[in-house]
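What the coordinates show
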Amino acid sequence: MQVAPAEIFTGYTSDGVNLTIPLAALPGLTAAEADPTTGNVMEVSRQIVDRLHSGITALAPEAKPTKATVTKPNPSIATGVGVTPGTLRQGYSLTFDLTPTALELASEA
């Protein structure tokens, strides 16, 4: 099933040149983190992927895409050099079925 962006990101708009996801559509993201010059692109990215996951997960089974998936396993304790003790590590997995010639998302139809 094809899902429209506005079904996942409340207030999403596109004018054919720019797309806009309102800050309110990403409730875990602050204005400072989203600032275009001093913000944190990794936190912006994480919040978009997390919202995508929660939005898709909330859909009825018959309304979920079948040619693309997003999963979020339970977080784990991060380990390694320079990792603060007790830090959690959250992974996500996104998969997309692509057409073999154009490398575009396969049709849900």
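Residues numbered from 1 in each chain as written. Predicted model: local features only at pLDDT ≥ 70, side-chain atom pairs only at ≥ 80, totals over all residues. Heavy atoms only, no water.

Its 18 residues give helix α3 (residues 41-58) an end-to-end C-alpha distance of 26 Å, which sits within 8% of 26 Å, the value for a rise of 1.5 Å per residue. Within α3, burial applies to Glu-43, Gln-47, Asp-50, His-53, Gly-55 and Ile-56. In this structure, the buried residues of α3 make contact with α1 (5-8), α2 (31-34) and β3 (68-71). Where α3 begins, the side chain of Asn-40 points an oxygen toward the backbone nitrogen of Met-42, at a separation of 3.0 Å. (Helix = DSSP H or I, 4+ residues; strand = E, 2+ residues; numbered from the N terminus. Expected span 1.5 Å × (residues − 1). Buried < 20%, exposed > 50% of the residue type's maximum accessible area, 1.4 Å probe, protein only. Contact = heavy atoms within 4.5 Å. Polar contact = N/O pair within 3.5 Å; in protein donor to acceptor, adjacent residues only side chain to side chain.)

Bringing the environment of Pro-75 into the picture now. Mapped onto the elements of the fold, Pro-75 is located in the loop between β3 and β4 (76-77). Residues Pro-75 and Leu-103, spaced 28 residues apart in sequence, show a C-alpha to C-alpha distance of 31 Å. Apart from the residues lying within four places of it in its own chain, the contact partners of Pro-75 are Leu-88, Arg-89 and Gln-90.

This next bit is on the environment of Leu-26. Among the structural elements, Leu-26 can be located in the loop between β2 (19-20) and α2. The class for Leu-26 is buried, based on a relative accessible area of 4%. Separated by 21 residues in the primary sequence, Leu-26 and Gln-47 place their C-alpha atoms 6.2 Å from one another. Excluding its chain neighbours within four sequence positions, the residues that come into contact with Leu-26 are Phe-9, Ile-21, Gln-47, Ile-48 and Arg-51.

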